[in-house]
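# Remarks on the overall topology
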Amino acid sequence: MSNISSRRRNYLLTPHRRDGLIEWMKSMLMHSFVLDALDTTGADTFSHFEVLIDEHRKMTDQYLDDISQNNKSTFVPSRLKQLVPQVGTFYTRLPLRKAFEAYNHKYGITKRRHICISFNEIRHILNLAQIIAMTDMYKGGSQLGLLPPLVPNGNIGGSGGVAHHVKKEGETDDQAIRAWTSMTVTPRREVDDKSDGSQYSGDTTPEERSRAMCDRSESIAIEEAFSLLPDRTALPGPKLICFDGDQTLYSDGANFESNPRLAKYLFLLLKHGVTIAVVTAAGYEYQAAKYELRLSGLLAYFKEKGLKGDDLERFYIFGGECNYLLRLGADYKLHAVKENGPGGWMNSTKHMSESPGNWSESEVKSVLDMAEASFNSSMEDQNMRARIIRKKRSVGLIPKADEKITREALDEAVLRIQSELDNSKINLPFCAFNGGRDAWVDVGNKRVGVQVLQSYLGVPPEESLHIGDQFLNTGNDFAARSVCPCVWITSPEETSYILKSILRLAGVPLMAILNPVDYEDKKQVNGDKDKKGIEKKVDFDEMERRTSRLAMDVFTGEMIPLQRAASRDV
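Below you will find a few notes about this structure. (Residues numbered from 1 in each chain as written. Predicted model: local features only at pLDDT ≥ 70, side-chain atom pairs only at ≥ 80, totals over all residues. Heavy atoms only, no water.)

## Examining the overall build of the chain
To keep things clear, this is the line we draw: Each helix corresponds to a stretch of at least 4 residues labelled H or I by DSSP, and each strand to a stretch of at least 2 residues labelled E; elements are numbered beginning at the N terminus. Working definition: with a 1.4 Å probe on protein chains only, accessible area under 20% of the residue-type maximum means buried, over 50% means exposed, and in between means partly exposed. Note on definitions: a residue-residue contact is assigned when non-hydrogen atoms from the two residues lie within 4.5 Å. Note on areas: these come from Shrake-Rupley sampling with a 1.4 Å probe, and a residue is covered only by the protein chains present in the view.
Regarding its fold elements, the chain presents 20 helices and 13 strands. Relative to its full complement of 570 residues, the chain shows a buried share of 53%. Long-range contacts, defined here as pairs at least 24 residues apart, represent 71% of the contacts in the chain between residues at least 6 apart. For the chain, the computed accessible surface area is about 24900 Å², with 50% contributed by carbon and sulfur atoms.

Listed below in structure tokens is the structure:
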């Protein structure tokens with residue numbers, strides 16, 4: 001189901017489901033491919049993309065400076081803006097040539113003769129360029145050691161252990177880029193990741209067991225590398241990372257229950273100074289238990305690993321895209337962040353024109369009334385087997401039990417209400433989006449959510465990163481593009497890969513081994529192993545069994561006993 005929903009949200013056969021910048025890049029690269037010259041001209045083409053983006057950034061900054069100083073200015077579009085009218089703001093440089101060369105070294109895309117570079121491959125290259133740009137090494141320095149060059153057998157430094165290398169004056173980040181190319185490949189399919197690599201089910205293949213052991217060894221190496229650093233050492237790279245929920249941290253419509261690899265990367269980021277925020281359309285007001293259920297496995301992992309103090313308090317969840325802010329406490333429970341009064345998040349962000357603290361309830365009601373009427377009209381016109389639910393800050397068009405709504409019908413409903421709200425006199429921010437199985441209109445959007453977090457936490461846009469799967473204009477991550485750098489993923493497996501890439505490119509040494517290694521004699525890391533030296537595991541299966549006694553209707557947030565849920569008419 002999750003694969004189908006992801007494919008439906010990112011299907012690219014219609015204009016409203018295409019990304020203008022990536023499509024333009026693909027068309028430019030097609031010429032070289034047809035002439036069988038991509039191997040010799042591909043890198044130069046990406047260098048040209050870099051030049052155009054740098055020019056666009058400079059002209060945009062100049063225009064904004066003129067506006068702020070003179071209150072008037074003539075907008076002159078950049079060459080990139082003329083070529084791709086939909087292009088938005090770039091908050092950092094994008095080292096696209098470096099990213100292309102690393103990606104090509106890893107996958108050999110310029111050696112292909114029958115298949116041109118694809119939309120998804122350009123998406124991966126853009127993601128990699130964004131991560132490189134946000135690491136301190138790309139800016140010229142890091143406290144963490146870099147890896148020595150790759151050797152022919154694929155190992156780092158020619159050994160099976162962690163290679164610690166102190167960066168010398170004058171060295172570049174090329175070694176870290178080469179180290180990235182030795183990582184396991186980008187996820188190509190769904191992976192059943194119920195174990196942390198130390199145990200295997202009987203039906204796994206030797207190749208899968210070897211890959212799982214390699215992933216486990218990399219996670220151990222990250223922890224060992226961090227253990228050598230002074231306490232509270234900040235990780236080079238983004239200081240605030242925001243995540244979508246469905247299809248980014250967990251499968252569409254599911255909960256975060258059994259993904260120890262992703263849980264470990266999030267744990268390590270929190271432990272070393274990065275603020276994590278889940279900015280999700282799921283809106284259960286301030287009913288913390290319902291958000292906790294959606295993140296049950298992740299919170300259990302934090303508790304088992306002993307995450308404490310300020311590290312816990314750097315984990316936030318923003319429900320309803322920008323309406324309900326909660327923070328993790330010392331009891332490993334989510335607690336509402338005060339809205340008003342001294343230090344309240346709404347009160348502290350009222351200087352922002354779109355802040356929820358400035359909304360009037362009458363305007364909120366007008367948005368919801370229009371959305372409900374429009375969805376009723378779409379449902380009737382297209383004979384949808386659906387129903388409408390209305391919450392305090394959102395309206396949803398959801399399928400009836402055992403029914404599906406077609407992608408085209410959902411897109412029509414979304415584009416129809418988008419047009420109606422755009423042409424109305426309502427000034428509130430909103431988000432109308434196709435969720436894959438359903439359609440929603442939220443008062444507010446993720447642009448507002450990320451901006452509120454940036455202002456409340458004091459993190460500038462260029463040090464913020466949003467990771468999500470819905471960056472087409474019928475998706476709810478689309479709005480975040482205007483306020484911070486973004487990474488476009490399509491599954492929780494890709495999210496894990498992105499976080500591992502951030503750790504690698506930040507200079508954290510990882511082992512690139514090809515065969516399983518016996519970790520019985522590994523030294524203890526921060527007291528996180530038992531007497532035999534084996535890393536303690538979170539029993540995700542037991543945790544899932546305990547939390548499965550109750551189910552939750554993800555549309556309404558209603559808690560229902562599992563027996564009733566099996567036959568419930570939604």
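Additional details are given in the paragraphs that follow.
## A word on the packing of aromatic side chains
Selection criterion: Pairing of aromatic rings covers Phe, Tyr and Trp, the last through its six-membered ring, and needs centres within 6.5 Å; plane angles under 30 degrees mean stacked, over 60 mean edge-to-face, and all others mean tilted.
Under the defined criterion, the tally for this structure stands at 11 aromatic pairs. Ring centres 5.7 Å apart and planes at 75° place the aromatic pair Phe-302 and Phe-315 in the edge-to-face group. Pair noted here: Phe-302 is in helix α12 (residues 296-305) and Phe-315 is in strand β3 (residues 315-319), with a separation of 13 residues, a long-range link. Look at Phe-302 and you get buried, because its relative accessible area is 0%. Between Phe-318 and Trp-345, the ring centres sit 5.2 Å apart and the planes meet at 90°, which makes this aromatic pair edge-to-face. Here Trp-345 lies in helix α14 (residues 345-348) and Phe-318 lies in strand β3, a separation of 27 residues in the sequence. Comparing Phe-318 with Trp-345, the two get one shared label, buried. Ring pairs connect the aromatic residues Trp-24, Phe-46, Phe-49 and Phe-100, which therefore count as one cluster.

## Concerning the sheet that holds strand β9 (residues 439-443)
Applicable threshold: Strands are labelled as partners when DSSP assigns at least two bridges between them. An axis is simply a line fitted to the C-alpha atoms; with a helix, the fit covers only the stretch in contact. Between two such axes, the angle follows the N-to-C directions and lies from 0 to 180 degrees.
Within the open sheet, the 4 strands sit side by side as β6-β7-β9-β8. Their pairing is antiparallel. The open sheet terminates on both sides in strands that have one partner only, identified here as β6 (386-390) and β8 (430-434). Averaged over all pairs of adjacent strands, the angle between strand axes in this sheet comes to 15°, irrespective of strand direction. Inspection of the sheet shows β6 paired to strand β7 (residues 394-399) by 5 bridges, in the antiparallel sense. Within the sheet, the bridge partner assigned to Ala-386 lies in β7 and is Pro-399. Docked against the sheet, helix α16 (residues 407-422) engages β7, β8 and β9, running at close to 165° with respect to β8.

## Digging into the nonpolar core
Here is the rule we go by: Only buried Ala, Val, Leu, Ile, Met, Phe, Trp, Tyr and Cys residues count toward a nonpolar core, and they belong to the same one when joined by side-chain atoms within 4.5 Å.
Core analysis: the largest hydrophobic core is formed by 131 residues, its most contacted members being Leu-266, Phe-302 and Phe-315. By residue number, the principal contributor to this core is helix α6 (residues 119-134), which donates 9 residues. Those residues in contact with Leu-266, other than ones at most four positions away along the chain, are Phe-243, Leu-249, Phe-256, Ile-276, Leu-298, Phe-302 and Leu-499. One finds Ile-389, Ile-398, Cys-431 and Phe-433 within the second-largest nonpolar core, a separate group that totals 5 residues.

## Side note on α12
When you tally the buried positions in α12, you get 7 out of 10 residues, the bulk of the element. Those residues of α12 that fall on the buried side of the exposure criterion are Ser-296, Gly-297, Leu-298, Leu-299, Tyr-301, Phe-302 and Lys-305. The positive-phi residue at the C-terminal boundary of α12 is Gly-306, with phi of around 75°.

## Quick look at the sheet that holds strand β4 (residues 324-328)
Across the sheet, 7 strands lie side by side as β5-β4-β3-β2-β1-β10-β11; this open sheet has mixed pairing. Each of the sheet's edge strands pairs with one partner strand only, and the pair in question is β5 (334-336) and β11 (486-488). On average, each strand axis in the sheet is tilted by 25° relative to the strand beside it, whichever way the strands run. Of the strands in this sheet, β1 (240-243), β2 (275-279) and β3 touch helix α10 (residues 260-271), which is tilted by about 130° from β2. Each of β1, β10 (464-468) and β11 touches helix α18 (residues 492-505); the most contacted strand, β10, lies at about 155° to it.

## Some thoughts on the pattern of salt bridges
Using the following cut-off: One speaks of a salt bridge when a side-chain nitrogen belonging to Lys or Arg is within 4 Å of a carboxyl oxygen belonging to Asp or Glu.
Going through the model one piece at a time under the given rule, you end up with 23 salt bridges. Glu-121 is the salt-bridge partner of Arg-112, the closest N and O atoms lying 2.8 Å from each other. On the accessibility criterion, Glu-121 (11% relative accessible area) is buried. Close ionic contact of Asp-246 with Arg-294 constitutes a salt bridge, the shortest N to O distance being 3.3 Å.

## Notes on the packing of helix α15 (residues 361-381) against α16
We count it as follows: Angular relationships are summarised with four words: roughly parallel below 35 degrees, roughly antiparallel beyond 145, roughly perpendicular across 65 to 115, and oblique for the angles in between. In this scheme the handedness of a crossing depends on how the near helix is turned from the far one: anticlockwise by less than a right angle means left-handed, clockwise means right-handed. When residues are grouped by polarity, Ala, Val, Leu, Ile, Met, Phe, Trp, Tyr, Cys and Pro land in nonpolar, Asp, Glu, Lys and Arg in charged, and all others, Gly among them, in polar.
In the contact formed by α15 and α16, the axes pass within 10 Å of each other and the chain directions differ by 140°. The orientation of α15 with respect to α16, classified from their angle, is oblique. Relative to α16, α15 is oriented so that their crossing is right-handed. Counting all contacts with α15, which are made through Val-367, Met-370, Ala-371, Ser-374, Phe-375, Ser-377, Ser-378 and Asp-381, the residues of α16 involved are Ala-413, Arg-416, Ile-417, Glu-420 and Leu-421. Partitioning the contact of α15 with α16 into residue classes produces 7 nonpolar, 3 polar and 3 charged.

## Quick notes on the pairing of β8
Most of β8 is tucked away: 5 of the 5 residues are buried. Both faces of β8 are covered, namely the face carrying Phe-430, Ala-432 and Asn-434 and the face carrying Cys-431 and Phe-433. Note: β8 against β9, 5 bridges, orientation antiparallel. When the sheet's bridge partners are listed, Asn-434 is paired in β9 with Ala-439. In sequence, β8 turns back onto β9 through a hairpin of 4 residues, with Gly-436 there showing a positive phi of about 100°.

## Digging into unusual backbone geometry
Positive phi, normally seen in glycine, also occurs at Glu-285, with a value near 55°. Classification of Glu-285 by relative accessible area gives partly exposed; the value is 34%. Positive phi outside glycine occurs at Asp-402, with the angle close to 60°. Among the secondary structure elements, Asp-402 is positioned in the loop between β7 and α16.

## Considering the pairing of β4
A large share of β4 lies buried, amounting to 4 of its 5 residues. Here β3 pairs with β4 via 4 bridges, running antiparallel. By the bridge assignment for β4, Ile-317 is matched with Leu-326. Between the antiparallel neighbours β3 and β4 lie 4 residues, among them Gly-320 with a positive phi of about 60°. Judged from the 3 bridges that link them, β4 and β5 form a sheet pairing that is antiparallel. Following the sheet pairing, Leu-328 is matched in β5 by Leu-334. Linking two consecutive strands that pair antiparallel, namely β4 and β5, is a turn of 5 residues; a positive phi of about 65° is found at Tyr-332 within it.

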